[in-house]
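Spelled out, the chains give:
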Amino acid sequence: MKLFRNLCSLLALFFFFQGGVSIGPLQLTHPLDPLTKQEITLVQTTLLNKYPTKTNRVHFHYVGLDDPDKVTVLKWLSTGAETTRNAFVIAIINSQIHELTINLRSSEVVSDKIHRGNGFPTLTLEEQSEAVKLPLNHGPFVESVKKRGLNLSEVVCSGFTVGWYGQSENKRVLRIECFMKEETPNIYVRPINGIIIVADLEQMKIVEYHDKLVEPVPKAENTEYRASHLKPPFGPKLHSFGSHQPQGPGFTIKGHSVSWANWKFHIGYDVRAGVIISTASIYDPEVHKSRSVLYRGYISELYVPYQDPTEEWYYKTFFDAGEFGFGQSMVSLEPLHDCPPHAQFLDVYLVGRDGSPQQLENAICVFEQYGGISWRHTETAIADEEIREVRSDVTLIVRSVVTVGNYDNVMDWEFKPSGSIKPAISLSGMLEVKAVNITHNDEIKDEQHGVLVAEHSIGVYHDHYYIYHLDFDIDGVDNSFVKTNLKTVEVSDHSSKRKSYWTTSSEIVKTESDAKTKLGFSPSELVVVNPNKKTSTGNEVGYRLIPNAAVHPLLTDDDYPQTRGAFSNYNVWVTPYNKTEKWAGGLYVDQSRGDDTLAVWTKQNRGIVNKDIVVWYVVGIHHVPCQEDFPLMPLLSTGFELRPTNFFERNPVLKTLSPGIVKWPACEKP
Ligand SMILES: *[C@@H]1O[C@H](CO)[C@@H](O)[C@H](O)[C@H]1NC(C)=O
Ligand SMILES: *[C@@H]1O[C@H](CO)[C@@H](O)[C@H](O)[C@H]1NC(C)=O
Ligand SMILES: *[C@@H]1O[C@H](CO)[C@@H](O)[C@H](O)[C@H]1NC(C)=O
Ligand SMILES: [Cu+2]
């Protein structure tokens, strides 16, 4: 009996350590590895040698890997031949925007150019936290707070990028809004309304201040979400689950390279993109080798336009990757809750404004989970025989969480032994709430641009458009994009008793213009094929994009935010691979004017047949808030699937056996 008790506690201990464990120093390098702590320091030293801080004001706004050329990465994969190892840096030096390339092997500045076009780089975390403290020492603001009878010590402020609305002025500024933290940590639902504050980020001072209408600050009541501060009764009650892998995890992570089941891929990180999946390939038992699928996949931009055109709100049209840094906004995962007990974690390095590396622990987790049914059949037609075959599935998830202000984005990449990759996005966090002096819908007279989700609280209408950069290399680099339209054929010659049927017509999409696709209007299949590789029956090997419900923007094309976020005009785009075309909203998105977007690049209308091509897919959500989103919304999920289509000769998991049954040590009740 004692033995069993020990076993149980051992097991608990094992979970505890597994939950908190981080992968140690890199054991193996990959040319797409994110910059290491040492490399970031080297970038900092190299740049500050050229521009000593004694005489220069130097702020680092982006530091990341300058992707080595694809040919050299692919050569590395097959032969181990060395690639270049450069860093790309965007720094504001004495108020000028510099783009620098630094050779990490020789510690040399290879190039140093000044950006003179529109738009500004990603904001640093430090300048945001400095700016949001400005109002607290700004006389007129202190007055405004007093006038409202609020306690200044309970005020916190948050920074919001200002967008661009046709003005010719070109200054790095930030709008600031303030909230009450009194009696609740849920600040976003307690805005202090009616105040407009604009801070100049270069001078770090308030340059514009207005106090207009005074609406009451919504109440703190019912806005708390911390379990430790909520009062009983709690519920509904959920029962515990076990999670135990007696054979240990089915995957291995060496450095940033993962191998699991039939998959091999690389997990990268970038302060702007967040997690990057690279060089994903799947083992094909028919040919006894791994075949390439996805060279790189990541979130290129996230566009969130709010739909309240009033003076206080119109500017809220955010680009979370380019303005705030999707990777820079990643947060530590909570072992055992964000990820199951058997997950393994990776840390990442952010880069401070001064260029120093900043470790973010447990930023990415990797774990296996029960994947439901892989395939099944019950054969009922054969008399006297009971045939029932079911295979259960296990899938592998790579997870990170990006928290930009009020919203939490849970970003998953799910891999399946069947060859499918399922990127998924789940939203949680708080609505952005507008304070109004209204407690019931009956009192609403004017358009409120949202839903009254609680007393005095309008959850404002908005959208979320995530655009994925999906650089497919289906069984080789040169691919084509094929649209297969399903169409009705009418039978009018009485050759059939039927009056109609449907069939398909496939079109190899020739150019970027033809590839622009608005989904949801007519049935079609979108497949990336390798026209140079065919199956034994002559089908081109491919992967198809199975989209989620299609979302189309409702803003007019000439509206300023829509010009900047024009990549949301189509659900699918295809471009020829071009190393510089990474950011669908442009390299400089803060106050951009829409002159460097996917919509502009594709005007070149380049050919995309039998070439290295990139698919861009937009996952959109129109968000009409509801009361359940308040005070904090339960996960809202969406996603899509990349699924092999004539890639394998037959069902690739036909011979994959279900995982064995886990026998738990018989635990004694405590
Ligand atoms: C204002 O808030 C501070 C900090 O929470 C608190 O110590 C102080 O008592 C408050 N003052 C008033 C007048 O409520
Ligand atoms: C809010 O509305 C109520 C009733 O309409 C009014 O009495 C009150 O003065 C208003 N409060 C503010 C702060 O405007
Ligand atoms: C790569 O893209 C940029 C931006 O669209 C363009 O200026 C450049 O000509 C492209 N390069 C090639 C080789 O197509
Ligand atoms: Cu939303």
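Note that the structure is a prediction, hence the values are computed from the model and not measured.

Chemist: Just to check I follow, could you spell out the overall build of the chain for this structure?
Modeler: In terms of helices and strands, the chain carries 9 helices and 32 strands. Whereas a compact globule of 670 residues would reach a radius of gyration of roughly 26 Å, the chain reaches 27 Å, a difference of no more than 12%. Over its C-alpha atoms, taken along the principal directions, the chain stretches across nearly 85 × 65 × 65 Å. Within the chain, the fraction of its 670 residues that count as buried is 53%. The long-range share in the chain, meaning contacts at least 24 apart out of those at least 6 apart in sequence, stands at 68%. Roughly 31300 Å² of accessible area belongs to the chain as shown, and the carbon and sulfur atoms make up 53% of that amount. Here the chain holds 66 positive side-chain charges and 80 negative ones, and the gap between their average locations is 4 Å.

Chemist: Help me understand a nonpolar patch on the surface, please; the structure alone is not making it clear to me.
Modeler: Taken together, the side chains of Y370, I373 and V390 define a hydrophobic patch exposed on the protein surface, amounting to about 330 Å² of accessible area. Topologically, V390 is positioned in strand β18 (residues 387–404).

Chemist: It is not clear to me how the packing of aromatic side chains should be interpreted in this structure. Could you clarify?
Modeler: Any aromatic ring pair is given by two values, namely how distant the centres are and how the planes are angled relative to each other. The full count for this structure, using the stated rule, is 23 aromatic pairs. When the centroid spacing of 6.1 Å and the interplanar angle of 75° are considered together, the rings of Y303 and F567 count as edge-to-face. Of this pair, Y303 sits in strand β13 (residues 289–305) while F567 sits in the loop between α8 (560–564) and β29 (572–576), and the two are 264 residues apart along the sequence. Pair check on accessibility: Y303 and F567 agree, each one buried. Here Y314 and Y315 contribute two aromatic rings whose centre-to-centre distance is 6.2 Å and whose plane-to-plane angle is 80°, an arrangement assigned as edge-to-face. Judged by its relative accessible area of 33%, Y314 falls in the partly exposed class. Grouped by ring-pair contacts, the aromatic residues F160, Y306, W313, F318 and F324 constitute a single cluster. Positioned above the aromatic ring of F647, the side-chain terminus of R291 is 3.9 Å from the ring centre. Lying over the aromatic face of F648, R291 brings its terminal NZ or CZ to 6.0 Å of the ring centre.

Chemist: Just to check I follow, could you spell out the coordination of the copper ion (ligand 4) for this structure?
Modeler: The reference angle at a metal is 109.5 degrees if four donors form a tetrahedron and 90 or 180 degrees if six donors form an octahedron. For the copper ion (ligand 4), the full set of protein donor atoms is Y407 (OH), H462 (NE2), H464 (NE2) and H623 (ND1), at a range of 2.0 Å. With 4 donor atoms in place around the copper ion (ligand 4) and angles of 94 to 136° between them, the coordination shape is irregular. Each donor residue of the copper ion (ligand 4) belongs to the same chain, with the gaps between them written as Y-x54-H-x1-H-x158-H. Highlighted residues: Y407 in strand β19 (residues 407–415) and H464 in strand β24 (residues 462–472), separated in sequence by 57 residues. Judged by its relative accessible area of 6%, Y407 falls in the buried class. For H464, a relative accessible area of 2% gives the class buried.

Chemist: What am I meant to see in the sheet that holds strand β5 (residues 155–161) here?
Modeler: Within a sheet, adjacent strands bond to each other through the backbone by hydrogen bonds, running parallel or antiparallel. A sheet is described by the order of its strands in space; here 4 strands give the open sequence β5-β6-β7-β8, paired in antiparallel fashion. Whereas interior strands pair on both sides, the edge strands pair on one side only; in this sheet they are β5 and β8 (205–211). The average angle at which neighbouring strand axes cross in this sheet is 30°, direction not considered. Along the sheet, helix α5 (residues 139–147) makes contact with β5, β6 (173–180), β7 (195–200) and β8, crossing β8 at roughly 30°.

Chemist: What exactly am I supposed to notice about the sheet that holds strand β4 (residues 108–114) here?
Modeler: One open sheet accounts for 4 strands, arranged β1-β2-β3-β4; its pairing is antiparallel. Every other strand in the sheet has two partners, leaving β1 (58–66) and β4 as the edge strands with one partner each. Averaged over all pairs of adjacent strands, the angle between their axes in this sheet comes to 20°, without regard to strand direction.

Chemist: How should I be thinking about the site of ligand 3 in this particular structure?
Modeler: In the vicinity of ligand 3, the contacting residues are N578, T580, E581, W601 and Q604. For ligand 3, an oxygen atom lies 3.3 Å from a polar atom in the side chain of T580. Compared with its free state, where it exposes 360 Å², ligand 3 has 41% of that area covered by protein. Taken together, the residues that form the shell around ligand 3 break down as 1 nonpolar, 3 polar and 1 charged.

Chemist: Just checking my understanding: could you explain the environment of E389 for this structure?
Modeler: Looking at the secondary structure, you find E389 in strand β18. When its relative accessible area of 36% is taken as the criterion, E389 is described as partly exposed. The sequence separation of E389 and V217 amounts to 172 residues, and the corresponding C-alpha distance is 60 Å. Contact partners of E389, with chain neighbours within four places excluded, come to W375, R376 and H377. A distance of 2.7 Å separates polar atoms of two side chains, one belonging to E389 and the other to R391.

Chemist: How should I be thinking about the environment of G371 in this particular structure?
Modeler: Relative to the elements of secondary structure, G371 occurs in strand β17 (residues 357–379). Taking the C-alpha atoms as reference points, G371 and I276, 95 residues apart in sequence, are found 23 Å from one another. In this structure, G371 is in contact with D393, V394, T395 and K416, ignoring residues within four places of it in sequence.

Chemist: I'm lost on the UniProt feature "domain: Copper amine oxidase N2-terminal" (unreviewed entry) in the chain in this one. Help?
Modeler: Taking the numbering used here, the UniProt-annotated feature "domain: Copper amine oxidase N2-terminal" (unreviewed entry) corresponds to residues 30–113. Annotated as residues 30–113, this span is 29% helix and 37% strand, and its ends, taken at the C-alpha atoms, are 28 Å apart.

Chemist: Looking at this structure, how should I read helix α2 (residues 37–50)?
Modeler: Turn by turn, an α-helix covers 3.6 residues, leaving residues three or four places apart pointing in a common direction. Here α2 spans 20 Å end to end across 14 residues, near enough to the 20 Å set by a 1.5 Å rise per residue. For α2, every residue scored as buried is listed here: E39, I40, V43, Q44, T46 and L47. Buried-residue contacts for α2 involve β1, β2 (86–93), β3 (96–103), β4, β16 (344–351) and β17.

Chemist: Teacher, can you tell me more about the pairing of β17 here?
Modeler: The two faces of a sheet get side chains in turn, since along a regular strand they alternate between them. Across 7 bridges, β16 lies against β17 in antiparallel orientation. By the bridge assignment, L350 is partnered in β17 with Q358. Linkage of β16 to β17, two consecutive antiparallel strands, is achieved through a turn of 5 residues, within which G355 is found at a positive phi near 90°. Two elements, β17 and β18, share 12 bridges in a ladder whose sense is antiparallel. Residue pairing across strands places V366 opposite V398, the latter belonging to β18.

Reading the values: the criteria
Residues numbered from 1 in each chain as written. Chains lettered and ligands numbered in written order. Predicted model: local features only at pLDDT ≥ 70, side-chain atom pairs only at ≥ 80, totals over all residues. Heavy atoms only, no water. Helix = DSSP H or I, 4+ residues; strand = E, 2+ residues; numbered from the N terminus. Rg over C-alpha atoms; globule rule 2.2 N^0.38 Å. Buried < 20%, exposed > 50% of the residue type's maximum accessible area, 1.4 Å probe, protein only. Contact = heavy atoms within 4.5 Å. Areas by Shrake-Rupley, 256 points an atom, 1.4 Å probe, with all protein chains shown as cover. Lys, Arg positive; Asp, Glu negative; His and termini not counted. Charge placed at Lys NZ, Arg CZ, Asp CG, Glu CD. Patch = residues over 30% accessible without salt bridge, like charges linked within 9 Å, V, L, I, M, F, W, Y side chains within 5 Å. Salt bridge = Lys/Arg side-chain N within 4 Å of Asp/Glu carboxyl O. Phe/Tyr/Trp six-rings, centres within 6.5 Å; stacked < 30°, edge-to-face > 60°. Lys NZ or Arg CZ within 6 Å of the ring centre and 35° of its normal. Donors = N, O, S within 2.8 Å, 3.2 Å for Na, K, Ca; no water. Tetrahedral: all angles 85-135°; square planar, octahedral: opposite > 155°, others 65-115°. Pairing = 2+ DSSP bridges. Axes fitted to C-alpha atoms, helices over the stretch in contact; angles between N-to-C directions. Near = heavy atom within 4 Å. Polar contact = N/O pair within 3.5 Å; in protein donor to acceptor, adjacent residues only side chain to side chain. Nonpolar A, V, L, I, M, F, W, Y, C, P; charged D, E, K, R; others polar. UniProt positions renumbered as here; feature names shortened; annotations may be inferred. Expected span 1.5 Å × (residues − 1).

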